[in-house]
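If you want the building blocks of each chain, they are given just below.
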Amino acid sequence: MRPRQADQITDRQPGVAGADAVTGTSAAARWAMPFADQPRYIQLETVTKCNARCPFCPQNEIVRDPARMPAATWRKIVDDTRGWGIVYRPFLTNEPFVDKRQPEIVRYIKQHDPTAKVEYNTNGELVTEELAHALLEAGVDIMRFSIDGLSRETYEPSRVGVSYDHVYERVPRFLEIWDQEGYRDRVFTEVRMIEMPENRHEIDDFKAFWQPRCSEVVITNAYQWPWTGQKREDAVAKPCLKILDELFFYSNGNATICCWDVHERAVIGNVTDQSVLEIWQSYAAQHLRGLLDDGRRDLIHLCSRCNAYAGFDFSRFEVG
Ligand code: SF4
């Protein structure tokens, strides 16, 4: 599958100045963001499914073929990047443990590559005791559990379809195994909650419950995915921090610049017929970086409806 041409992922309008058509840079670039020479973080959509139907997440809009990434695809991504010091996240807009292959994937990544790390974000419902042992023995490095409430009353409306009882039984059990079987120094564990008006009153009790059980408790803010109500005139004329050193692969091998690209609006290549490095250095990738450095999100189909980093001060990256 060939990568899409740059004009298929940009919203260039006649008469609008933008990046140079060949180099992807502009003589009038206003920022020079520190893009890495190769990715440091790689996410793999090994399956497209989730066990939850959270109201804030567009996951249930995904229709992608195949629903399960072939082993040859995820193995190639790992093989292409061995020794690069990558943090691999074997999930994208899905729940990783819907895929029963995860312990095998961790083992494959960690095999013969002491520089590799594996990190999961999970809602925790499917992390049984058996899976907990399998993941820890396979060498997982970071486990982040997203649990948006302490009580059933606040948790269930936010994580629709996920069993509160399973989460509050299985996540503490995972952390018990992690603590009692000698993984505390080797594996980082985090429990996080998105702060919302509905759960704000529980924050202190949430911390008091989880902090003694894990490495860290984090309270995060809700964010808005691109194309969820933003209008063209809302486009933020700023560069982006999200794409400096990360690369994201869908189940079909396509690569995108952004983890929020649920609907493949900014595909820059496909790993079944390109190497990961070729994709990272591709014309399409450089073109999009150039447009973002010009503050021209409005010219990129995906980014034209994104208000991320609207309040961030990019002045230290200004070049002209
Ligand atoms: S501008 Fe928004 S949509 Fe575009 S790469 Fe950055 S975070 Fe993603």
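Look a little higher up for the structure.
So, here's what we can say about the structure. (Residues numbered from 1 in each chain as written. Predicted model: local features only at pLDDT ≥ 70, side-chain atom pairs only at ≥ 80, totals over all residues.)

**Side note on the overall build of the protein**
- A tally of regular secondary structure across the protein gives nine helices and nine strands.
- The C-alpha atoms of the protein give a radius of gyration of 20 Å, which matches the 20 Å a tight globule of 320 residues would have.
- Along the first, second and third principal axes, the C-alpha atoms of the protein reach 60 × 45 × 35 Å.
- With 320 residues in all, the protein has 41% of them scored as buried.
- For the protein, long-range pairs separated by at least 24 residues make up 76% of all intrachain contacts whose partners lie at least 6 apart in sequence. (Helix = DSSP H or I, 4+ residues; strand = E, 2+ residues; numbered from the N terminus. Rg over C-alpha atoms; globule rule 2.2 N^0.38 Å. Buried ≥ 20, exposed ≤ 12 C-beta atoms within 10 Å, placed from the backbone. Contact = placed C-beta atoms within 7 Å.)

**Describing the site of the ligand**
- Around the ligand, the neighbouring residues are Pro226, Cys240, Lys242, Ile243, Ile257, Cys258, Trp260, Arg297, Leu302, Cys303, Cys306 and Ala308.
- Its residues assigned to classes, the shell around the ligand shows 10 nonpolar, no polar and two charged. (Near = placed C-beta within 6 Å. Nonpolar A, V, L, I, M, F, W, Y, C, P; charged D, E, K, R; others polar.)

**Comments concerning unusual backbone geometry**
- In this chain, Asp65 is followed by Pro66 through a cis amide linkage whose omega measures 5°.
- Within the secondary structure, Pro66 is located in the loop between strand 1 (41-44) and helix 2 (71-80).
- Positive phi, close to 55°, is recorded for Glu264, a residue that is not glycine.

**Regarding the environment of Ala308**
- Secondary-structure assignment places Ala308 in the segment after helix 9 (283-293).
- Exposure remark for Ala308: the 19 C-beta atoms within 10 Å place this residue in the partly exposed category.
- C-alpha separation for the pair Ala308 and Gln211, spaced 97 residues apart in sequence, amounts to 30 Å.
- The residues contacting Ala308, other than those within four sequence positions of it, are Cys240 and Lys242.

**Description of helix 2**
- Looking at helix 2, one finds that the buried residues are Thr73, Trp74, Ile77 and Val78. The arc that holds the buried residues of helix 2, viewed along the axis, is 130°, so those residues lie on one side. The outward face of helix 2, more than 90 degrees from its buried face, is lined by the exposed residues Ala72 and Asp79.
- Buried residues in helix 2 make contact with strand 1, helix 3 (102-110), strand 7 (246-249) and helix 8 (276-280). (Arc of directions from axis to C-beta.)

**Some remarks on the environment of Leu135**
- Along the chain, the position of Leu135 falls in helix 4 (residues 129-138).
- Linking Leu135 and Asn252, residues 117 residues apart in sequence, is a C-alpha distance of 25 Å.

**Quick notes on the pairing of strand 7**
- Pairing analysis gives four bridges linking strand 1 to strand 7, with the strands arranged parallel. Across the sheet, the residue bridging to Leu44 is Phe249, located in strand 7.
- Relative to strand 8 (residues 254-256), strand 7 runs antiparallel, the two sharing two bridges. Residue pairing in the sheet places Phe248 in a bridge with Thr256 of strand 8.
- Counting the residues in the hairpin turn of strand 7 and strand 8 gives four residues, including Gly253, whose phi is positive at 95°. (Pairing = 2+ DSSP bridges.)

**Here's the deal with the sheet that holds strand 5 (residues 188-195)**
- On the basis of which strands lie adjacent, the open sheet formed by nine strands has the order 6-5-4-3-2-1-7-8-9 and mixed pairing. The open sheet is flanked by strand 6 (216-221) and strand 9 (267-270), the only strands paired with a single partner. Across the sheet, the axes of successive neighbouring strands diverge by a mean angle of 25°, strand direction being ignored. (Axes fitted to C-alpha atoms, helices over the stretch in contact; angles between N-to-C directions.)

**Quick notes on the packing of helix 4 against helix 6 (residues 164-180)**
- For the pair helix 4 and helix 6, the least separation of the axes is 9 Å and the interaxial angle reads 40°. By the angle class used here, helix 4 and helix 6 are oblique. In this structure, the crossing between helix 4 and helix 6 has a hand that is right-handed. Contacts between helix 4 and helix 6 pair Glu129, Ala132, His133 and Leu136 from the former with Arg173, Phe174, Ile177 and Trp178 from the latter.
- Its residues assigned to classes, the contact of helix 4 with helix 6 comprises five nonpolar, one polar and two charged. (Parallel < 35°, antiparallel > 145°, perpendicular 65-115°, else oblique. Left-handed = near helix turned anticlockwise from the far one by under 90°.)

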